[in-house]
Amino acid sequence: MAYLTFHSAGESHGRGCFAFLEGLPYGVPVDLGFINAQLARRQLGYGRGGRMKIEKDQAEVLSGVRKGVTMGAPVLLAVFNKDFRLETAPELFCPRPGHADLAGHLKFDAPIRDILERASARETAARVAAGALSRLLLAQFGIEIRSHVVALGPVEVPAGFSPAWEQLGQADTSEVRCLDAACEGAMKAAIDEAKKEGNTLGGIFEIVVQGLPVGLGDHTQWDRKLDGRIAQGMMSIQAIKGVEIGLGFRAARLGGREVHDAIQYDAAVAGGRDPAAAFRRPTNGAGGLEGGITNGAPLVVRAAMKPISTLMKPLMSVDLQTGEPYKADIERSDFCALPAASVVGENFLAFVLAQALCEKFGGDSLREMKANHAAYLEHLNRPRGGGKPQGGASDASE
Ligand SMILES: Cc1cc2nc3c(=O)[nH]c(=O)nc-3n(C[C@H](O)[C@H](O)[C@H](O)COP(=O)(O)O)c2cc1C
């Protein structure tokens, strides 16, 4: 068994975007239709620019799959670009604020074009392909992921708006992926207004994961805590500037009594079919993670996306050829890519969770992983109590 890893290769206007996954077990059914459906979802959303009209993203499996299942070998997925013109794309000389243009040019001593081609969020097509494949593994363990937009520019859903799982399944029917009808209209109007002014918008999306077993991630080292790993995965998505788990920043303004989730134990259902059922949490302020370990409640992750950096009415920059002040360059661009980012977030979170799942139940084959999973659930589900000291104070200080 190998540690599950993902890397991407490719440029925005290069041959394509490539996802390299290593460490998937043998025998995961690969549904290319599902992967392509995720890629299509990434292309949607109100406020996107011209590029998405050119591309029709489809994944091709270049290695690691035979007869519809993973071979336990490295998997290489390709999403070829239609807008392939890397050698002829024009050079830029006025770096765009909010992009890697200037820092990358200075660091690599390379033309801005070479920096932006790799920094571009076109790379998220590779992430979604890899994430969709990870999602197929998660589905084998009953784990499902949904997302919706909770704020876009100045428009925000009402505090406490918390759609049920079934309702979350409707987010794809909204062009801004927002489930509050009044906000949906206001969000679209805000994008129209920004577009008219040559401006851009960002916002916040929320991802909910159901079916995670207790015990993914680890409290023992900083780099094994699943909350930290999720934050890294989300922050590494282009333009994501903040990540919250559960109440997140809101918890800082509340008391512990309002934030933490009481634990109820129902001995009558312990030993039954559902190991999570015996321990009930009437609230989920923790968002499904305590001490870096999943606690069996739904995982709730929010991510904040900054407004798109490329502005049609550009900020001032400098012409690197003359050293004189000049307007920042303009590349074809989205005005708001928040709905797409929400789909990227869902799928990349799937990769991070699949990595944790493989660590916990690791096996060389899906069958072995499932056997490990079943044995673990049985262990989890043993009735508690019977002679152990009950409760009492303990020292929880640092
Ligand atoms: C789905 C998606 C689409 C994006 N589209 C654009 C775009 O069209 N134009 C743009 O300037 N930035 C776009 N971005 C954001 C930039 O790629 C990103 O801000 C830039 O690479 C700098 O990285 P940083 O914001 O993470 O520091 C997009 C981001 C995502 C997630």
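Scroll up to find the structure this text is about.
Nothing here was measured: the structure is a model prediction, and the numbers come from that model. (Residues numbered from 1 in each chain as written. Predicted model: local features only at pLDDT ≥ 70, side-chain atom pairs only at ≥ 80, totals over all residues. Heavy atoms only, no water.)

**Student:** Got a minute to help me understand empty space enclosed by the protein in this structure?
**Tutor:** Evaluated as defined, the whole model comprises two cavities of 30 Å³ or more. Counted as a void, the largest cavity has a volume near 50 Å³. What lines the largest cavity is S8, A9, G10, E11, S12, C17, E117, R118, S120, R122, E123 and A126. Secondary structure elements with two or more residues in the lining of the largest cavity: β1 (5-10) and α4 (112-119). Examining the composition of the lining of the largest cavity, we find that three residues originate from one element, β1, more than from any other. (1 Å grid on protein atoms, 1.4 Å probe; cavity = no way out; pocket = protein on both sides within 12 Å on 5 of 7 lines; lining within 4 Å. Points joined across faces, edges and corners; volume = space filled by probe spheres on them. Helix = DSSP H or I, 4+ residues; strand = E, 2+ residues; numbered from the N terminus.)

**Student:** Can you help me understand the site of the ligand in this one?
**Tutor:** Around the ligand sit 18 residues in total, of which H99, K306, T310, S333 and D334 are the nearest. In the model, an oxygen atom of the ligand is placed 3.4 Å from a nitrogen or oxygen of the A119 main chain. Contact with the protein chains removes 85% of the 630 Å² of surface that the ligand exposes when unbound. Classifying every residue of the shell around the ligand gives eight nonpolar, six polar and four charged. (Near = heavy atom within 4 Å. Polar contact = N/O pair within 3.5 Å; in protein donor to acceptor, adjacent residues only side chain to side chain. Areas by Shrake-Rupley, 256 points an atom, 1.4 Å probe, with all protein chains shown as cover. Nonpolar A, V, L, I, M, F, W, Y, C, P; charged D, E, K, R; others polar.)

**Student:** Explanation requested: the pairing of strand β11 (residues 240-245) in the structure shown.
**Tutor:** Regular strands have side chains that alternate between both faces of the sheet. For β11, the buried fraction is high: five of the six residues fall into the buried class. Where β11 meets strand β16 (residues 299-305), five bridges bridge the pair, whose relative direction is antiparallel. Within the sheet, the bridge partner assigned to E244 lies in β16 and is R302. (Buried < 20%, exposed > 50% of the residue type's maximum accessible area, 1.4 Å probe, protein only. Pairing = 2+ DSSP bridges.)

**Student:** Would you mind showing me how to read the pairing of β1 here?
**Tutor:** Residues of β1 alternate between two faces, with F6, S8 and G10 buried on one and T5, H7 and A9 left unburied on the opposite face. Pairing between β1 and strand β2 (residues 16-22): six bridges, direction antiparallel. Bridging from a neighbouring strand, G10 pairs with C17 of β2. Here β1 folds back onto β2 in antiparallel fashion, the turn holding five residues.

**Student:** Can you help me understand the pattern of salt bridges in this one?
**Tutor:** Proximity of charged atoms lets side chains of opposite charge pair with each other. Enumeration according to the criterion identifies 23 salt bridges in this entry. Taking the shortest distance from any N to any O, the salt bridge between R177 and D172 comes out at 2.4 Å. Several salt bridges converge on common partners, so that one network encompasses R41, R135, D172, R177 and E346. (Salt bridge = Lys/Arg side-chain N within 4 Å of Asp/Glu carboxyl O.)

**Student:** Got a minute to help me understand the environment of Y3 in this structure?
**Tutor:** The topology assignment puts Y3 in the segment before β1. Relative accessible area serves as the criterion here: at 48%, Y3 is assigned to the partly exposed category. Once the C-alpha coordinates of Y3 and Q355 are considered, the two residues, 352 residues apart in sequence, prove to be 7.4 Å apart. Among the polar contacts made by the side chain of Y3, one reaches the side chain of Q355 at a distance of 3.4 Å.

**Student:** Can you help me understand a nonpolar patch on the surface in this one?
**Tutor:** There is a patch of nonpolar side chains on the surface, built from L102, L106 and L320 and spanning about 260 Å² of accessible area. Within the element layout of this structure, L320 appears in the loop between β17 (316-318) and β18 (325-327). When its relative accessible area of 34% is taken as the criterion, L320 is described as partly exposed. (Patch = residues over 30% accessible without salt bridge, like charges linked within 9 Å, V, L, I, M, F, W, Y side chains within 5 Å.)

**Student:** Any chance you could explain the sheet that holds strand β5 (residues 65-66) here in plain terms?
**Tutor:** The pairing of strands in a sheet happens through backbone hydrogen bonds and is either parallel or antiparallel. As summarised here, the arrangement of the three strands in space is β3-β6-β5, forming an open sheet in which the pairing is antiparallel. Strand pairing shows two members of the sheet lacking a second neighbour, β3 (26-29) and β5, which therefore form its edges.

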